[in-house]
Amino acid sequence: MLISLDWLKQYVDIKEDIKELENTLTMIGQEVEAIDEQGKDLAKVVIGQITEYGRHPEAEKLTLLKVNVGEEELQIVCGAPNHKLGDKVVVATIGAVLPGDFKIKKSKIRGVESQGMLCSEVELGLGTDGDGIIILPEDAPLGVEYRVYKKLNDVIFELEITPNRPDCLSYIGIAREIAAYYGRKIKWPEFESKSIIESINTGHIDVRIEDKERCKRFSGKVIKNIKVTESPEWLKNRLLSMGLKPINNVVDATNYILFECNQPLHAYDLTKIEDRKIVVRKALNGEKIVTLDGVERELNKDELVVADSQKPLGIAGIMGGESSKVTEETTEIFLECAYFTPENIRKTSKELGLSSDSSYRFERGLDIENTAEVLERAAELISQLTGGEILEGHIDKYIEKYEKIEIPLNIDKLRKFMGKNIEIDVVGKILTNLGIEIKTLNSTTILATPPSYRGDLTRTADLYEEIIRMYGFDNIENKMPEENIRPGVKDSMTIVVDEAKEVLAKLGLQEVINYSFISREAIKMLGITEKTLEITNPISDDMAVMRPTLIYSLLSNIKDNLNRNQNDLKFFEVSRVFTPKEDGLANETLRASIALSGKASKSLWDPRPEAMDFYTLKGFVEKFLEYMGITRYQLERSEDKNFHPGRSADIRIGKIKIGTFGEIHPDLAENMDIKRERAYVAELDLTSLLNYRAKKVKYERIVKYPEVTRDLAIVLDRDVLVGKMLEDIKKSSNLIESVAIFDVYQGDKIEADKKSVAISIVLRKKDGTLEENDINITVDKILTLIAKNYNGEIRQ
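Residues numbered from 1 in each chain as written. Predicted model: local features only at pLDDT ≥ 70, side-chain atom pairs only at ≥ 80, totals over all residues. Heavy atoms only, no water.

**Re the sheet that holds strand β42 (residues 754–763)**
In spatial order, the strands read β41-β42-β40-β43; together these 4 strands make up an open sheet with antiparallel pairing. Lying at the two open borders of the sheet, with one neighbouring strand each, are β41 (736–745) and β43 (793–794). Pairing of β41 with β42, which is carried by 8 bridges, proceeds in the antiparallel orientation. Directly across from Y745, in β42, lies its bridge partner S756. The sheet strands contacting helix α20 (residues 722–731) are β40 (708–717), β41 and β42, and the helix crosses β41 at an angle near 155°. Docked against the sheet, helix α21 (residues 772–790) engages β40, β41, β42 and β43, running at close to 15° with respect to β40. (Pairing = 2+ DSSP bridges. Helix = DSSP H or I, 4+ residues; strand = E, 2+ residues; numbered from the N terminus. Contact = heavy atoms within 4.5 Å. Axes fitted to C-alpha atoms, helices over the stretch in contact; angles between N-to-C directions.)

See below:
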């Protein structure tokens, strides 16, 4: 929004300099983006008159002049061909600095002293005519600065008006802000509406609103016997300062009022309105109109148009049509001032790709109460400019009346919010200056009623903002709040998440973060038959379901990396999975998942590592559980169809399943297009783990007595689960410190349905050195347990 300081001063007294005004506007919320000080390069450029005229003694094409600039006469050498004795001219005196940093100094031209320069438009940066100097009218005042004479000493502020403040898209709006801040009065435009006796209701125009949802008010006046001509200089200058091209006195007047009052108007040639009927209606499907920009546009039923009995006259609130525009032949006009709903204008403008100063304002919402008053102001201005006669009365179709609202404001709460002990009288004065009506309820509470042009004020918080910005942010001291601030405490689940991520990262795994959505196809691929939580409006088909498991996401990570020749992968993810509740909301469960593929990392001692397998994953899982404080659990063969039936296991604590790990099923690997490497995945329920982790860590004193190791090779049936056997062995004697498998053999050295399991048993006595008899008794007990419970025997 461009604001001319000279124009703005018509509505409010401004005594402040440019810098102070810039700061004020910014502090009250009307941010100044740029300032253009017009004529700042024209200091010491004045109006002069040629009093003596002669030829330069050393150059035929140069003239030697005496120029009166008011207080003195200057001798000037000039090379322009278009001046004569007695001409009023523009003189750049010594010390002037013209555009382009061109400094005027006393100089000698062909041996003759020159004390200034006569200027052309190009030299002043005001136009393109550089063939001759500027010749002024005879009544131009001598000695006056040219920028003052041409009113080029204005200052143009470019303001960034926020979308919630459409009332500030006008000079009256900005003047109201400045007046409220400085406690000054608005100088409202003075006009006297002079109407002829003939009434507008005597058959001159008939207005009907068919679309009452999108047109809430439509007002109009008729002006007769007008003369359409070029606008006066003052009006053209005003519009030019706003970047608008003058057209004629009628159109320019409507644009002037638009910027003055923030109310779009439109003038129709009344003689071009068929049957003198105005209808505000939906456009007919395929209906066409040539708008004022000369473009033919095809409409449909969604656009709102202002039409006569035969054709559309304009697209409501956006742009008028060529068929009824005001021209030099126009003698009577119908002047429209209406209120169209913002949503309609915004939609139509976007669909047609057509925007205007009017639509820009309608989109943001206007003052529905102001149409009649603005209409009278505009009609009077047009009457003055055109000599026209205004018919008595006006058309006013007001569909939906504006309803005032009352907003309660508690002073004590305001003081707490501001951090300032502001007096209730000061608050009342600020609100009154802003045009807000106030009613005192008691010593601490008032009711505030915003004016109709402040549609952004709907709640108490809005009033806080108004009071603070007008009181001045600089007037509120910096003061720390007096509160008992305590450090935040992490909840137990957050602690578990952080701990789990730290443990998995220290184990050498790389964290991945995936979306919480997967596709419906993924649900089918994983064979999930339970109900899932589907998204009503998914971004894409790949994000249609809230994932009930982390497995698919990690397998996708493996697939993507394998496709990019990244084969040795060790990933983990700690995140939530989702299942639906009966009430339709989500049941969230925290899980940790590990995924492996390829070979272990190379090292100096193992430059050619073997491929990772089930036992590699088992090691990661066991270490993770150990660090998380889970020590008492069992491993059982898994029945999960997404895992290989012989290379997977469930983790259980009692009867509760807390996770599954193993090699993924070949069918799932094929469906996921994972071909080059085997993939191993583990998924554990962290939410359940919380119930079983050790509350306290117990430390044991280091035993000073030596350990004894015994290795046993046991022949078992091939389908025996060794994990349960190891647990039973560990429990069989308090001398057993640890039990571990170090080899499994199946081959031609033993029976086809058997397997040989080599286990290492570490024995230690905490209160003395083990004796041979103790060792033998323990080993015999172990062998008896294996033979009895697992039908196993020592391999011969």
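Right, picking up where we left off after that structure.
**A short note on a negative patch on the surface**
Together, E31, E33, E158 and E160 make up a negatively charged patch on the protein surface. Those elements giving two or more residues to the negative patch turn out to be β2 (31–37) and β13 (155–160). Of note, E31 is situated in strand β2. Relative accessible area serves as the criterion here: at 43%, E31 is assigned to the partly exposed category. (Patch = residues over 30% accessible without salt bridge, like charges linked within 9 Å, V, L, I, M, F, W, Y side chains within 5 Å. Areas by Shrake-Rupley, 256 points an atom, 1.4 Å probe, with all protein chains shown as cover. Salt bridge = Lys/Arg side-chain N within 4 Å of Asp/Glu carboxyl O. Lys, Arg positive; Asp, Glu negative; His and termini not counted. Charge placed at Lys NZ, Arg CZ, Asp CG, Glu CD. Buried < 20%, exposed > 50% of the residue type's maximum accessible area, 1.4 Å probe, protein only.)

**Section: the packing of helix α6 (residues 233–241) against helix α7 (residues 249–261)**
In contact at an axis separation of 10 Å, α6 and α7 are set at 50° when each is read in the N-to-C sense. By the criterion of interaxial angle, the relationship of α6 to α7 is oblique. The two elements α6 and α7 meet at a crossing, and its hand is left-handed. Contacts from W234, L235, R238 and L239 in α6 reach N249, D252, A253, N255 and Y256 in α7. (Parallel < 35°, antiparallel > 145°, perpendicular 65-115°, else oblique. Left-handed = near helix turned anticlockwise from the far one by under 90°.)

**Regarding helix α11 (residues 411–418)**
Among the residues of α11, those classed as buried are I411, L414 and M418. Seen end-on, α11 carries its buried residues on one side only, within an arc spanning 55°. Turned more than 90 degrees away from the buried face of α11, the exposed residues are K413, K416 and F417. Of the surrounding elements, those touching the buried residues of α11 are β27 (407–410), α12 (424–433) and α13 (460–471). Looking at where α11 begins, the residue whose side-chain oxygen comes 3.0 Å from the main-chain nitrogen of D412 is N410. Looking one or two residues beyond α11, the residue adopting positive phi is G419, at roughly 75°. (Arc of directions from axis to C-beta. Polar contact = N/O pair within 3.5 Å; in protein donor to acceptor, adjacent residues only side chain to side chain.)

**Notes on the layout of surface pockets**
Approximately 2000 Å³ is the volume found for the largest pocket. As for the largest pocket, its lining consists of 44 residues, and the residues nearest its centre are K618, E622, L635, G723 and L726. Those elements giving two or more residues to the lining of the largest pocket turn out to be α17 (614–627), β36 (634–637), β37 (643–653), α20 and β41. Considering every element that reaches the lining of the largest pocket, the biggest residue donor is β41, with 8 residues. For the lining of the largest pocket, the residue count by class is 16 nonpolar, 8 polar and 20 charged. (1 Å grid on protein atoms, 1.4 Å probe; cavity = no way out; pocket = protein on both sides within 12 Å on 5 of 7 lines; lining within 4 Å. Points joined across faces, edges and corners; volume = space filled by probe spheres on them. Nonpolar A, V, L, I, M, F, W, Y, C, P; charged D, E, K, R; others polar.)

**Observations regarding the side chain of R764**
On the secondary structure map, R764 appears in the loop between β42 and α21. Within the structure, R764 has its side chain in polar contact with the backbone oxygen of Y705 (distance 2.8 Å). Apart from residues lying up to four places away in sequence, R764 is in contact with V703, Y705, P706, E707, N734, L735, E737 and L770.

**Thoughts on the pairing of strand β38 (residues 656–664)**
A regular strand carries its side chains on alternate faces of the sheet. Within β38, 7 of the 9 residues are buried, which leaves the element mostly enclosed by the surrounding structure. Looking at chain direction, β38 and strand β39 (residues 679–685) are connected through 5 bridges and run antiparallel. Note that in β39 the partner of F661 across the bridge is A682.

**Comments concerning the packing of aromatic side chains**
Within the structure shown, the criterion is met by 12 aromatic pairs. With a centroid separation of 5.3 Å and an interplanar angle of 85°, the aromatic rings of F614 and Y615 are classed as edge-to-face. For F614, a relative accessible area of 14% puts it in the buried group. Classification of Y615 as exposed rests on a relative accessible area of 58%. Ring pairing ties together the aromatic residues W7, Y11, Y171, W234 and Y256, which thus form one cluster. Against the face of Y182 rests R184, its NZ or CZ located 4.3 Å from the ring centre. (Phe/Tyr/Trp six-rings, centres within 6.5 Å; stacked < 30°, edge-to-face > 60°. Lys NZ or Arg CZ within 6 Å of the ring centre and 35° of its normal.)

**Section: the nonpolar core**
One broad trend across soluble globular proteins is that nonpolar side chains are buried collectively. Core analysis: the biggest nonpolar cluster contains 51 residues, and L8, F157 and I174 have the highest contact counts within it. Within the residue set of this core, elements represented by two or more residues are α1 (5–8), α2 (18–27), β13, α5 (171–182), α6, α7, β24 (333–340) and α10 (371–386). Looking at which element gives the most residues to this core, the answer is α10, with 7 residues. Setting aside its immediate chain neighbours within four residues, I174 contacts I3, L8, L25, Q30, L159, I161 and C168. (Core = buried A, V, L, I, M, F, W, Y, C linked by side-chain atoms within 4.5 Å.)

**Description of the sheet that holds strand β32 (residues 533–534)**
Spatially, the 3 strands line up as an open sheet ordered β31-β33-β32, and their pairing is antiparallel. What marks the edges here is a single partner per strand, and that holds for β31 (517–518) and β32. In terms of strand pairing, β31 meets strand β33 (residues 545–546) through 2 bridges, oriented antiparallel. Following the sheet pairing, F517 is matched in β33 by M546.

**Some points on the pattern of salt bridges**
For the structure on display, the rule yields 52 salt bridges. Between D167 and R165 there is a salt bridge, with its nearest N and O atoms 2.8 Å apart. There is no split in this pair, since D167 and R165 are both buried. Measuring nitrogen to oxygen at the nearest pair gives 2.8 Å for the salt bridge that ties R454 to D456. Its relative accessible area of 2% is what places R454 among the buried residues. The exposure class of D456 is buried, given its relative accessible area of 18%.

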